[in-house]
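# Topology and contacts: notes
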Amino acid sequence: MIIEFEEKLLDLIDARIDSASDDELFAGGYLRGHISLSAATCEEEGIGDLDELKLRIVQSLEGARSELTPADQQIVHDLWQELASQV
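Notes on the structure in this doc start here. (Residues numbered from 1 in each chain as written. Predicted model: local features only at pLDDT ≥ 70, side-chain atom pairs only at ≥ 80, totals over all residues. Heavy atoms only, no water.)

### Comments concerning the overall build of the chain
Secondary structure assignment for the chain yields four helices and zero strands. Counting from the amino terminus, the chain carries its helices and strands in the arrangement α-α-α-α. Since a compact globule built from 87 residues should have a radius of gyration of about 12 Å, the 12 Å found for the chain is in line with a globular shape. C-alpha extents for the chain along the principal axes are approximately 35 × 30 × 20 Å. Counting over 87 residues, the chain shows a buried share of 34%. For the chain, the accessible area works out to roughly 5100 Å², and carbon and sulfur atoms hold 51% of it. Side-chain charges of the chain comprise 6 positive and 20 negative groups, with the mean position of each set lying 3 Å from the other. (Helix = DSSP H or I, 4+ residues; strand = E, 2+ residues; numbered from the N terminus. Rg over C-alpha atoms; globule rule 2.2 N^0.38 Å. Buried < 20%, exposed > 50% of the residue type's maximum accessible area, 1.4 Å probe, protein only. Areas by Shrake-Rupley, 256 points an atom, 1.4 Å probe, with all protein chains shown as cover. Lys, Arg positive; Asp, Glu negative; His and termini not counted. Charge placed at Lys NZ, Arg CZ, Asp CG, Glu CD.)

This is how it looks when you write it as structure tokens:
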């Protein structure tokens, strides 16, 4: 179930490429790494709960806040919220 959820999220990001702004392209690429890493960690630990995966993605993003400017943090946060609500 985790892998399917990850694939859906990544497919949604990919589907936006043609129409995305530069900011959205950046946020999508940035999110891909956090989504895939969180999914891989859940798989390794035998976790199949989607709520736990979502929590880990959010925690991963929070842990990396210092990598981004406040404006970029908001762009990434907004895209994450949009994607999470679509899946």
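Back to the text.
### Quick word on helix H4 (residues 70-86)
Taking 1.5 Å per residue, 17 residues should reach 24 Å; H4 reaches 25 Å between its end C-alpha atoms and fits that length. Next to the buried residues of H4 lie helix H1 (2-15), helix H2 (22-44) and helix H3 (50-63). (Expected span 1.5 Å × (residues − 1). Contact = heavy atoms within 4.5 Å.)

### Observations concerning the side chain of His-34
Position of His-34 relative to the elements: it lies in helix H2. Overall, the relative accessible area of 10% leaves His-34 in the buried class. Within the structure, His-34 has its side chain in polar contact with the side chain of Ser-60 (distance 2.5 Å). The residues contacting His-34, other than those within four sequence positions of it, are Ile-57, Ser-60, Leu-61 and Ala-64. (Polar contact = N/O pair within 3.5 Å; in protein donor to acceptor, adjacent residues only side chain to side chain.)

### With respect to the nonpolar core
By size, the foremost hydrophobic cluster in this structure holds 21 residues, and its most contacted members are Leu-31, Ile-35 and Trp-80. Every element with two or more residues in this core is listed here: H1, H2, H3 and H4. A per-element tally of this core places H2 first, with six residues. (Core = buried A, V, L, I, M, F, W, Y, C linked by side-chain atoms within 4.5 Å.)

### Overview of the environment of Asp-22
Positionally, Asp-22 belongs in helix H2. By relative accessible area, Asp-22 is classed as exposed at 65%. Along the backbone, Asp-22 and Phe-5 are 17 residues apart, and their C-alpha atoms lie at a distance of 25 Å.

### Things to note about the packing of H2 against H4
Direction vectors running N to C along H2 and H4 enclose 70°, while the axes themselves pass 9 Å from each other. One element, H2, and the other, H4, form an angle in the roughly perpendicular class. Once H2 is placed against H4, the crossing between them reads as right-handed. On H4, the residues touching Asp-23, Glu-24, Phe-26, Ala-27, Gly-28, Tyr-30, Leu-31 and Ile-35 of H2 are Asp-72, Ile-75, Val-76, Leu-79, Trp-80 and Leu-83. (Axes fitted to C-alpha atoms, helices over the stretch in contact; angles between N-to-C directions. Parallel < 35°, antiparallel > 145°, perpendicular 65-115°, else oblique. Left-handed = near helix turned anticlockwise from the far one by under 90°.)

By themselves these figures say nothing about function.
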